[in-house]
Amino acid sequence: MPNESYELRGKYSKLTPDRDKSPPLRPSLEAAYRSSSEEEFSDIDEFDPLNYDGGSGKRRRTPSSRRAAAESTAYKDAPDSRAGVTRLFSNEKQAVARSRLRRWLVPSRLCCFMVLLFTGALVLLLSVGGLWVYKSAPEDGQSPPWYPSPRGGTVKSWEDSYKKAAALVKQMTLVEKVNVTTGVGWAMEMCVGNTGAVDRLGFPSLCLQDGPLGIRFADNVSAFPAGVTVGATWNKDLMYRRGRAHADEARMKGINVLLGPSMGPLGRMPAGGRNWEGFGADPVLQGVAAAQTIRGIQDAGVIATAKHYIGNEQEHFRQSWEWGTPNAISSNIDDRTLHELYAWPFADSIRAGVASVMCSYNQVNDSYACGNSKLLNGILKDELGFQGFVQSDWLAQRSGVGSALAGLDMSMPGDGLKWTDGKSLWGAQLTKAVLNSSVPMERLNDMTTRIVAAWYQLGQDNRTVWDGGPNFSSWTNDEVGLLHPGSDDKSTGIVNKFVNPQGGHGSIARDVAAEGTVLVKNEGDILPLSRNGSATKNGSKYRVGIFGDDSRTNPNGPNSCADRGCNIGTLAMGWGSGAVEFPYLVAPLDALREAFDTDSVYVTDFPTNTPPIKKSPEILMDQDLCLVFVNSDAGEGFIAADGIRGDRNDLYLQKGGDKLVQDVANGCGNGTGSTVVVVHAVGPVILEKWIDLSGVKAVLLAHLPGQESGNALVDILFGDKNPSGKLPYTIAKRAEDYGEGSKILYYPNGVVPQQNFTEGVYIDYRHFDRYNITPRYEFGFGLSYTKFHLSSLFVHQTKAKTPLPSTRADAVVAPPDFDKTIPAPESALAPPGFRKLKKYIYPYISSTSDVTVGRYPYPSGYSVNAPLSPAGGDQGGNPSLYDIHATVQATLTNIGDRDGAAVVQLYVQFPPNTTDTASGAPVAFPPRVLRAFDKFAVPGGLDKTAGKRKKVAFEVTRRDLSYWSSAQQNWVMPTGTFTFWMGFSSRDLPLTGKF
Ligand code: BGC
């Protein structure tokens, strides 16, 4: 009886013998297959930055060339069309002309041959040269080396998990260790990522599944509001509760690792396609929201993933070949900017104990993020004290040995440079690399231990909770399906058990959606609305018209486009891997119809962006109130919809939304009606085309609300909930106002597209403040139906100012030690008779003959032990960075007559004329940076009693008061005078205090 592969991976029992017909795949999987099928590539070698076991990559045709090919085929295949006939005719004519020419050339055949030879040689030379230029990469990466990779197991809070992990890993063979580190390949098991198991020791295959707003490719799960909506709530408790609910669902579906939260992109570019997956364009807002989400996820026992590390700010060119360029874009970020902006939320995540980090597709300073030793070994593992494991984004790993040495711990989904060809950069290759000593045994031990320790840290060894892997399939909706759909194996089993883990999560989704809705205009307090119509005319019914395609559900169903890759009907999430299947979607139109009292209100709807207002002007003229729904969508770069290839093309409303608002606002009630605009959007939208129209009385920015869209909107519109959302980004008057650095690079500017983050720390409001540009609505802004007042600011110093944090202490715990002996190569061969599935990734080598132990070239700088960072010492960095140096207090009063919640924001202004104590160079700062915030619910009422007041207090840490000094490679606190600013937005800061 031959061994079968799933005995090693084993989670599913074989249910039926091979079936001829495979069950239907999910559309997105089919799409993935389509776009990676062999015919779509032309052979071109892949650039491997460290020149280790790079293998070959192939160029993928761009969607436009695919389209062109499809069109030309259609043309050729039309035999009886006029065009077809004409072509035949002209082909015949050309053939006659060619044979004449040939006859004419016969006497000088030699000369002709010479000319042809010359032309051929020239063409060959030019193509080889062209190919060489096309493929060449910058001579050297600009990212400094940082070796060797720090071992995990150096902090107290992980001590027990590392002890247990070490005990288990010590029993593992080489191939078992490799099995744990390498995914088995795209679509080989049930989740988007699956690692190999060590059944012998009871260590399971781990299921990794997207994503930040729900469980991708799964049935019966919640579609929570997106990250940007969560950011807009500024509500720490809701951030936690959404994370927790998400992970409770994940656990019940058998998911070990959730691929979220996302905090990169940070939002440098407002049109960035995936900004909506994260929480807003500020490191502190991102950091707090990420940490709260992670606590929620991990309190449920699921491993959270902080992604995408780092500099993945745009979709265009994010990945090799995806955009036609052989190399991914390089985000060139200086040391200070990296620390103060992009790495900040990752530091918060690590401090919150995140057990996994995903490195991103792009390069950083011309070295791939997943093979960048400075980023992974240096900043993440040494300086920020990360104890979990680093997994690659899907195919973001671009080298084998290089990435292992640079600090990558898990290859996802296991495939190598291309999808589903079975040629992993790890798997058997990693086994070989360890056997031949090019990857030190110690590194493999550390990779494996980090993964196993994370599993223990989250209590996933508890068999009563974790009992047998995922109970759903990412690849089919049927109960019975293929067990290894990406391979040639036709075994089937029960793959979907249709577990429904939603519980009462709809109410959390509704709360987040409502609190993430930002009211930016409310002229004459038109909102909140009354359910029975506030102003009936002479006893006649109050007339409400609802306009816009965005008000209704997609007529083909909310899940009709794969990964939500189209903008039809109401927009409730962006597209890509961060999207999920809606269990249901409450469209605004349906919720509104339900909410209005039909005895006194007459509702008509025109759920289209082109209502027939010319033909039937009365549809506008007859209304007292017009509600108009518009949107702006974006998503991940592997999908293009309506001409948007991931990143938005501009910041205006899409699908004629601006014109619709203008028409409705101008025509509503023949100019006397009131228009309320509701915008669903992935990020900032330029509102200038209509915001000042007299008919536009109120504007709600409802972001991406998820499944409870309509209900949450009704809560706000009718005042059941008082709006308390605040903008997690700035809304400019013109796109140019965001500055040079905000522009997406839509066309490659070199063989390796380069993007220089020259604006440094000045993004979003920091840029507007620096250049004194008036935005339409500033970062942190949002109205309420009540009014708040802040008074009596008091700064209390709790610790003296000193420039540097405490000296880094020695690690309190030592990482586990392992036997470093390299086993005999024979031990890495597959057991006799082992049946390998096609394209499935295994750790076994196929022969011992090509294993040669010897000296292999290492990356430059490898032989030098990098000095430990003085900014390190614990999870999140040197513990003294989190010492509290000041508390800032004030009194918040609700001076309106409604209950409400205010988001109080604390900004810090650094001392003027600061110079770096080491280099003497002047250090410039943004005028103000957000450092703390919280949401406070305060009852309203006309009589001012003590109950209408609340004390607000913030703690300010050393890190909050420090800048990153490249010269000192440390956080430095200036000792001059700081100013604290407290208020309700980045530009409404009534209180100040000195420190
Ligand atoms: C995305 C990740 C995602 C992964 C798995 C990648 O394309 O960038 O965010 O987690 O796919 O679906």
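Look up: the structure comes first, before these words.
The structure contained in this document is the topic of the report that follows. Every chain's residues receive numbers from 1 upward, in the order its sequence appears when written. Reporting of local features is limited, given that this is a predicted model, to residues whose pLDDT is at least 70; pairs of side-chain atoms are given and counted only at 80 or more, and all residues count toward the totals for whole chains, interfaces and linings. The side-chain quantities take in all heavy atoms of the structure and omit both hydrogens and water.

Focus: the overall build of the protein
- Counting its regular elements, the protein contains 22 helices and 28 strands.
- Every one of the 995 residues in the protein was classed for burial, and the buried ones make up 61%.
- In what follows, a contact means two residues having at least one pair of non-hydrogen atoms within 4.5 Å. Pairs at least 24 residues apart make up 79% of the contacts formed inside the protein by residues separated by at least 6 positions.
- On the protein, roughly 37000 Å² of surface is accessible, and the fraction owed to carbon and sulfur atoms is 53%. Segments assigned H or I by DSSP are reported as helices when at least four residues long, segments assigned E as strands when at least two residues long, and all are numbered from the N terminus. Think of it in three bands: residues with accessible area under 20% of the maximum for their type are buried, residues over 50% are exposed, and the middle band is partly exposed, with areas taken using a 1.4 Å probe on protein chains only. Only the protein chains shown count as cover for residues, with accessible areas throughout obtained via the Shrake-Rupley method and a probe of 1.4 Å.

Concerning the pattern of salt bridges
- One speaks of a salt bridge when a side-chain nitrogen belonging to Lys or Arg is within 4 Å of a carboxyl oxygen belonging to Asp or Glu. For the structure on display, the rule yields 50 salt bridges.
- In this structure, Glu159 and Lys163 form a salt bridge, with 3.9 Å as the shortest nitrogen-oxygen distance. Taken as a pair, Glu159 and Lys163 lie in helix 6 (residues 159-169) at a separation of 4 residues, close to a single helical turn.
- In this structure Lys163 comes out as exposed when scored by relative accessible area, which is 55%.
- Among the charged side chains, a salt-bridge network with shared partners connects Asp237, Arg241, Arg510, Asp511, Asp715 and Lys721.

Re the state of the cysteines
- Any cysteine sulfur atom paired with another within 2.5 Å is treated as part of a disulfide. Considering all chains together, one arrives at 4 disulfides under this definition.
- What pairs with Cys191 in a disulfide is Cys207, and their sulfur atoms sit 2.1 Å apart. The S-S bond linking Cys191 to Cys207 shows a torsion near -95°; that makes this disulfide left-handed. Residue Cys191 is found in the loop between helix 7 (174-181) and strand 3 (193-194), and its partner Cys207 is found in strand 4 (residues 207-209); the two are separated by 16 residues along the sequence.
- The disulfide partner of Cys626 is Cys668, and the gap between their sulfur atoms is 2.1 Å. Given an S-S torsion of about 95°, the disulfide between Cys626 and Cys668 has right-handed geometry. A residue pair is termed long-range when its members are at least 10 positions apart, and Cys626 in strand 16 (residues 625-632) and Cys668 in the loop between helix 20 (657-667) and strand 17 (674-681) qualify at 42 residues.
- Of the residues examined, Cys668 reaches a relative accessible area of 0% and is grouped as buried.
- Numbered in order of appearance, the disulfide-bonded cysteines of the protein are paired 1-2, 3-4, 5-6, 7-8.

Focus on the site of the ligand
- Near residues are defined by distance, with any heavy atom within 4 Å of the molecule or strand qualifying the residue. If you check the shell around the ligand, you find 13 residues, and the closest are Asp210, Arg274, His308, Asp393 and Glu636.
- In the environment of the ligand, an oxygen atom lies 2.4 Å from a nitrogen or oxygen atom belonging to the side chain of Asp210.
- Whenever a nitrogen or oxygen atom comes within 3.5 Å of another N or O atom, the pair is scored as a polar contact, on the condition that within protein one atom can donate a hydrogen and the other can accept it, and that pairs from neighbouring residues in sequence are kept only if both atoms are in side chains. Residue Asp393 places a side-chain N or O atom 2.6 Å away from an oxygen atom belonging to the ligand.
- Within the complex, 96% of the 310 Å² of free accessible area of the ligand lies under protein.

Concerning the packing of helix 18 (residues 588-595) against helix 21 (residues 709-717)
- Working convention: axes come from line fits to C-alpha atoms, limited for helices to the stretch in contact. Angles between N-to-C directions cover 0 to 180 degrees. Interhelical geometry of helix 18 versus helix 21 gives an angle of 45° and a closest axis separation of 7 Å. Classified by the angle between their axes, helix 18 and helix 21 sit oblique to one another. The element helix 18 and its partner helix 21 pack so that their crossing is right-handed. Contact residues: Pro588, Ala591, Leu592 and Ala595 in helix 18; Ser709, Gly710, Asn711, Leu713, Val714 and Leu717 in helix 21.
- Each residue belonging to the contact of helix 18 with helix 21 can be placed in one class, and the counts come to 7 nonpolar, 3 polar and no charged. Any angle that is under 35 degrees is reported as roughly parallel, and any over 145 degrees as roughly antiparallel; angles of 65 to 115 degrees are reported as roughly perpendicular and all others as oblique. Handedness of a crossing follows from how the near helix is turned relative to the far one, being left-handed for an anticlockwise turn of less than a right angle and right-handed for a clockwise one. Under this grouping Gly is polar, as are all residues other than the nonpolar Ala, Val, Leu, Ile, Met, Phe, Trp, Tyr, Cys and Pro and the charged Asp, Glu, Lys and Arg.

Details of the pairing of strand 21 (residues 884-894)
- Where burial is concerned, most of strand 21 is hidden: 8 out of the 11 residues are buried.
- Examined bridge by bridge, strand 21 and strand 24 (residues 949-957) share 9 bridges and lie antiparallel to one another. Considered in strand 24, the bridge of Leu892 is made with Lys950. A pair of strands counts as paired when DSSP detects no fewer than two bridges linking them.

Looking at the sheet that holds strand 21
- Read from one edge to the other, the open sheet built from 3 strands follows the order 20-21-24, with strand pairing classed as antiparallel. Whereas interior strands pair on both sides, the edge strands pair on one side only; in this sheet they are strand 20 (788-797) and strand 24. Strand after strand, the sheet turns through a mean of 20° between neighbouring axes, direction not considered.

Description of the nonpolar core
- What is meant by a nonpolar core is a set of buried Ala, Val, Leu, Ile, Met, Phe, Trp, Tyr and Cys residues, joined one to another through side-chain atoms within 4.5 Å. Among the nonpolar cores identified, the biggest contains 177 residues, and Phe203, Val452, Leu892, Phe980 and Met982 are the most heavily contacted of them.
- The dominant element in this core, judged by the number of residues it contributes, is helix 16 (residues 441-457), at 9 residues.
- Excluding its chain neighbours within four sequence positions, the residues that come into contact with Val452 are Ala165, Leu168, Val169, Met172, Val180 and Phe203.
- Counting 48 residues, the second largest nonpolar core, distinct from the first, contains Leu213, Phe606, Cys626 and Val664.

Concerning helix 13 (residues 373-383)
- Summarising burial for helix 13: 11 of the 11 residues are buried, a large majority.
- Of all the positions in helix 13, only Ser373, Lys374, Leu375, Leu376, Asn377, Gly378, Ile379, Leu380, Lys381, Asp382 and Glu383 are classed as buried.
- With a side-chain oxygen positioned 3.2 Å from the backbone nitrogen of Lys374, the residue opening helix 13 is Asn372.
- One or two positions beyond helix 13, positive phi appears at Gly385, with a value near 60°.

Topic: the environment of Phe768
- By the secondary structure assignment, Phe768 is in helix 22 (residues 764-770).
- Judged by relative accessible area, Phe768 falls into the buried class, the value being 1%.
- As a C-alpha pair, Phe768 and Asp737 span 31 residues in sequence and 7.5 Å in three-dimensional space.
- Setting aside residues no more than four positions away along its own chain, Phe768 makes contact with Thr730, Ala732, Asp737, Tyr738, Ile773, Pro775 and Arg987.

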